[in-house]
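Read off the chains here:
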Amino acid sequence: MMADIRGAVHSVLSRMRWIIAIMPLTNTITARLRRAFRSLGATHLPIAVSGTSVAVALTGVFWWSQQMAPVAFAGQQKPRTTSSFNSGEARSAEDPALVARGKALYGVHCQACHGMDLRGGDMGGPNLLRSQVALTDQHGEKIIPIIQGARQAQGMPNIGLNDADAGAVAAYIRSVIGTIGSQGTPPGEMEALNVVVGDPERGRAYFEAHCVSCHSVTGDLKGFASKYPEPRAMQARWILGERSVKTDGTRNATVDVTTAPGQIVTGTLVHIDDFLVTLRSSDGTEYSYAREGAIPKVVVHDPLQKHREMLPTYTDDDIHNVTAYLVTLK
């Protein structure tokens, strides 16, 4: 009772605070209403219009909108909920032998209802990949009782498995859920991508036709495959070239800046854009020069420029073949 009274008092006080807060606005509205009526020749207002009455009216409209909005929009807006997909707790790796046995048992006893991929089968079983029971099961404590008849009233029959076999099925289900990828990637074993699928002899021919003017398998590329033992990393490295920025922030590129006729400053390129060029001289001193069009004359010597020019010309076969050749450079 007292709680109801306190709630009512709080509601009244809230509305009073609202009325007080909007009084300056309602006074302005009232003054304009009066001027409007007088411009029409009225000597008095047809109703008692004051700042307080307008405030009360606005409060009533606001209250009505708050009360009626849920009714007016019922069924038109769905509440936002947080997806629970793949929200299971972190688990340790399952015993491979137990998972293998569980997979065999699942195929015999469960697959017809729940599907080969656990997404639901022809006999109408639910999608186990979205089941909160399966997502939160840790050691079979939630799945085993259901396999053994805990939900017969909901249509899940007693499969007739003992604790060990039911536990194996639970382990298999958990193992599949554990392979669900991020952003809705379907479950399954993530196979390593093999990029060494080209013809090394054709790769050698391409290398000798396009790359030997800058590179040598007995020089800068000697032991290249040992330097980058992971084929995908090695493939990315040869396509883009060695790092264009060193660990000290400078680039592999050098630059010549003609500051005056016959005066050329040379150094390692640090930064360049349409308005500024910065270089580092051999003694470590940095020099910056403002650019305005072609003044001063700037010539950049970038060993990766050819890589950038060739990038749009590579075909898939070119990339595969060169990669297959370079992995042989141990």
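Structure first, text after, so check above.
None of these values were measured; they are calculated from a predicted model. (Residues numbered from 1 in each chain as written. Predicted model: local features only at pLDDT ≥ 70, side-chain atom pairs only at ≥ 80, totals over all residues. Heavy atoms only, no water.)

Caption draft 1: The arrangement of the overall build of the protein in detail. When its secondary structure is counted, the protein shows twelve helices and five strands. Looking at the protein as a whole, 26% of its 330 residues are labelled buried. Pairs at least 24 residues apart make up 53% of the contacts formed inside the protein by residues separated by at least 6 positions. (Helix = DSSP H or I, 4+ residues; strand = E, 2+ residues; numbered from the N terminus. Buried < 20%, exposed > 50% of the residue type's maximum accessible area, 1.4 Å probe, protein only. Contact = heavy atoms within 4.5 Å.)

Caption draft 2: The arrangement of the pairing of strand E2 (residues 263-272) in detail. The sheet contact formed by strand E1 (residues 254-260) and E2 spans six bridges and is antiparallel. Counterpart to threonine 254 in the pairing with E2 is threonine 268. Hairpin connection of E1 to E2: two residues between the antiparallel strands, including glycine 262 at a positive phi of 85°. Pairing of E2 with strand E3 (residues 276-280) involves four bridges; the strand directions are antiparallel. Bridge pairing in E3 places isoleucine 272 opposite valine 277. Counting the residues that bridge the hairpin from E2 to E3 gives three residues. (Pairing = 2+ DSSP bridges.)

Caption draft 3: Broad picture of the pattern of salt bridges. By the definition in use, this model includes nine salt bridges. In this structure, arginine 232 and glutamate 230 form a salt bridge, with 3.5 Å as the shortest nitrogen-oxygen distance. Its relative accessible area of 35% is what places glutamate 230 among the partly exposed residues. Among the ionic pairs, aspartate 302 bridges to arginine 308, the shortest N-O distance being 2.1 Å. Taking the relative accessible area as the measure of exposure, aspartate 302 reaches 22% and is therefore partly exposed. In this structure, a network of salt bridges that share partners links the residues Glu94, Asp137 and Arg174. (Salt bridge = Lys/Arg side-chain N within 4 Å of Asp/Glu carboxyl O.)

Caption draft 4: Spatial organisation of the layout of surface pockets. Roughly 500 Å³ of volume is contained in the largest pocket. Considering the residues around the largest pocket, the lining is formed by 25 residues, among which His215, Asp220, Leu221, Gly241 and His307 are closest to the centre. Elements supplying a minimum of two residues to the lining of the largest pocket: helix H8 (200-210), helix H9 (224-227), helix H10 (231-240), helix H11 (305-310) and helix H12 (316-326). It is H11 that provides the largest number of residues to the lining of the largest pocket, a total of three residues. (1 Å grid on protein atoms, 1.4 Å probe; cavity = no way out; pocket = protein on both sides within 12 Å on 5 of 7 lines; lining within 4 Å. Points joined across faces, edges and corners; volume = space filled by probe spheres on them.)

Caption draft 5: Spotlight on unusual backbone geometry. Geometrically, the link from isoleucine 295 to proline 296 is a cis peptide bond, its omega value of -5° lying close to zero. Summarising the element assignment, proline 296 is placed in the loop between strand E4 (286-290) and strand E5 (297-301). Unusually for a residue other than glycine, leucine 118 sits at a positive phi of about 75°. Turning to its location among the elements, leucine 118 is positioned in the loop between helix H4 (111-114) and helix H5 (132-136).

Caption draft 6: Inspection of the sheet that holds E2 at higher detail. The strand order E4-E3-E2-E1-E5 describes an open sheet built from five strands, whose pairing is antiparallel. Edge positions in the sheet fall to E4 and E5, since each of these pairs with one other strand and no more. The average undirected angle you get between the axes of adjacent strands in this sheet is 40°. Relative to E4, E3 runs antiparallel, the two being bridged by five bridges. By the bridge assignment, leucine 279 is partnered in E4 with tyrosine 287. (Axes fitted to C-alpha atoms, helices over the stretch in contact; angles between N-to-C directions.)

Caption draft 7: Quick look at the packing of aromatic side chains. In the structure shown here, the tally under the stated rule is five aromatic pairs. Considering the side-chain rings of tyrosine 206 and tyrosine 314, the 6.4 Å spacing of their centres and the 55° angle between planes classify their relative orientation as tilted. One end of the pair, tyrosine 206, is in helix H8; the other, tyrosine 314, is in the loop between H11 and H12, and 108 residues separate them in sequence. Accessibility classification places tyrosine 206 together with tyrosine 314 in one group, the buried group. The interplanar angle of 70° and the centroid separation of 5.4 Å between the aromatic rings of tryptophan 238 and tyrosine 314 together place this pair among those described as edge-to-face. Of this pair, tryptophan 238 sits in helix H10 while tyrosine 314 sits in the loop between H11 and H12; the two residues are 76 residues apart in sequence, bridging distant segments of the chain. Assigned by exposure class, tryptophan 238 and tyrosine 314 land together as buried. Linked through ring pairs, Tyr206, Trp238 and Tyr314 together constitute an aromatic cluster. (Phe/Tyr/Trp six-rings, centres within 6.5 Å; stacked < 30°, edge-to-face > 60°.)

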